[in-house]
Amino acid sequence: MATIIPLEAKQRKPIEAALDALAALVAADMTAVNQNILQRMESHVPLIPQLAGHLIAAGGKRLRPILTLAAAKLCGYDGQRHHKLAACVEFIHTATLLHDDVVDASNLRRGEPSANSLFGNEASVLVGDFLFSRAFQLMVEDGSIDVLRILSNASAIIAEGEVLQLTTTSDITTSEQAYLEVVRAKTAELFAAACRIGAIVAGRPASEEEALRTFGLNLGIAFQIADDVLDYASESARLGKTVGDDFRESKITLPVILAIHRGTEAERQFWHRTLDDGDQRDGDLAHAQDILRRHNALRDATDRARHYGAIARDALGFFGDHPVKDALLDIVDFTVERAY
């Protein structure tokens, strides 16, 4: 098992600060990526840039394309291929968000009205399809079979993860293994691909490509587990996250799985009513938070996130000293510790 490196309280910074530090190292490249995003969102059908622009302007962290740029820089690349590919990664991510909000019947995204609540489910699904198509156009323009293979495989796996999640939603018998399969597919696979193509465009050996894939995959798992912990954390609102979205959408996440496994029969009946049956009443979210704290589910889920974060940190040990490496290590630490 990888060594878990604890953070002293004085070292902790918000994830936004860590991301800003990394973004500053690739600022010029990110400007080119944003230009590509704006250019490729254009269409003679006005609703397409209007709807896509609504989601993209809603304040996303752009973490995935930043990872592509950072990985390329870490590998010594100084060309321009990664600009279009980072835009491609962002389009894949944005398309999945549009589709997810329709499937989840979400009315909010990052605290703002979701695209489907404003424009309708049909438009959101079709614009998501448009963005997927734009992503594949960018892959083809790059001309690398390896890049096309990696990103197209990631897209297929993400879709499989979305379907797999349908089988776990509202099912309180979901295992931790099944949960992790969804997380790997829906979230971590795109993190892995985003990092891996940085080594591809730089023409680096397979060992560096694999190291960056391992880094991205485990960062993605840690990121999602931490996000699922935050959904029940009392400080989520202060951190810019809506509390209880997963609960209201009957999602079975790791903290809930741990609490169900450790809970009493009365508690299991509570989870069955609120999540399996969707019968949620005033005070249920607060009661769910109490159960999670009682069984140390939030703490232990955070420990799981730390485990995957440690594996991600170890993967970067393959690379020598570099400012980008330091910033990526900070991203791992602060991604996990935001849930603590």
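Relevant structure appears above.
Counting starts from 1 at the beginning of each chain's written sequence and moves along it residue by residue. Only residues with pLDDT of at least 70 get local features here, since the model is predicted, and only at 80 or more are side-chain atom pairs given and counted; chain-wide, interface and lining totals rely on the full set of residues. The basis for the side-chain values is all heavy atoms of the structure; hydrogens and waters are excluded.

### Observations concerning the overall build of the protein chain
No. 1: A tally of regular secondary structure across the protein chain gives 16 helices and two strands.
No. 2: Taken along the three principal axes of its C-alpha coordinates, the protein chain extends 60 × 50 × 30 Å.
No. 3: Only protein chains enter the accessibility calculation, which uses a 1.4 Å probe; a residue whose area is less than 20% of its type maximum is buried, one above 50% is exposed, and one in between is partly exposed. Buried residues in the protein chain amount to 55% of all 340 residues.
No. 4: Put simply, of all contacts in the protein chain between residues at least 6 apart along the chain, 78% involve residues at least 24 apart.
No. 5: Roughly 14,600 Å² of accessible area belongs to the protein chain as shown, and the carbon and sulfur atoms make up 52% of that amount. Numbering goes from the N terminus for both helices and strands, where a helix is a DSSP run of H or I of at least four residues and a strand is a run of E of at least two. Residue contacts are defined here by distance: any two heavy atoms, one from each residue, within 4.5 Å place the two residues in contact. All accessibility values rest on the Shrake-Rupley procedure with a 1.4 Å probe; residue burial counts only the protein chains present in the view.

### Observations concerning the packing of helix α3 (residues 47-56) against helix α7 (residues 121-142)
No. 1: Closest axis-to-axis distance for the α3/α7 pair is 10 Å, and the angle between their directions is 90°. Regarding the angle of α3 to α7, the classification is roughly perpendicular. Residues Leu47, Ile48, Leu51 and Ala52 of α3 form the contact with α7, whose participating residues are Ala123, Ser124, Val127, Phe130 and Leu131.
No. 2: Under the scheme applied, nonpolar residues are Ala, Val, Leu, Ile, Met, Phe, Trp, Tyr, Cys and Pro; charged residues are Asp, Glu, Lys and Arg; polar residues are all the others, including Gly. Residue composition of the contact of α3 with α7, grouped by class: eight nonpolar, one polar and no charged. As a rule, the C-alpha atoms of each element are fitted with a line to give its axis, helices using only the stretch in contact, and angles between N-to-C directions run from 0 to 180 degrees. In what follows, roughly perpendicular refers to angles from 65 to 115 degrees, roughly parallel to angles under 35, roughly antiparallel to angles over 145, and oblique to any angle outside these ranges.

### Brief notes about the pattern of salt bridges
No. 1: When a carboxyl oxygen of Asp or Glu is within 4 Å of a side-chain nitrogen of Lys or Arg, the pair counts as a salt bridge. Within this structure, the stated rule accounts for 23 salt bridges.
No. 2: Of the charged contacts, one joins Arg248 and Asp245 as a salt bridge, the two residues approaching to 3.1 Å between their closest N and O atoms. On the criterion of helical spacing, the pair formed by Arg248 and Asp245 is a turn pair, its members being three residues apart in helix α11 (residues 245-248).
No. 3: Taking the relative accessible area as the measure of exposure, Asp245 reaches 24% and is therefore partly exposed.
No. 4: For Asp279, the salt bridge goes to Arg281, with nearest N and O atoms at 2.8 Å.
No. 5: Taking relative accessible area as the criterion, Asp279 reaches 29% and is therefore assigned partly exposed.
No. 6: Shared partners join several salt bridges into a network, and the residues in it are Arg40, Lys84 and Glu141.

Shape is all these values report; function is a separate question.
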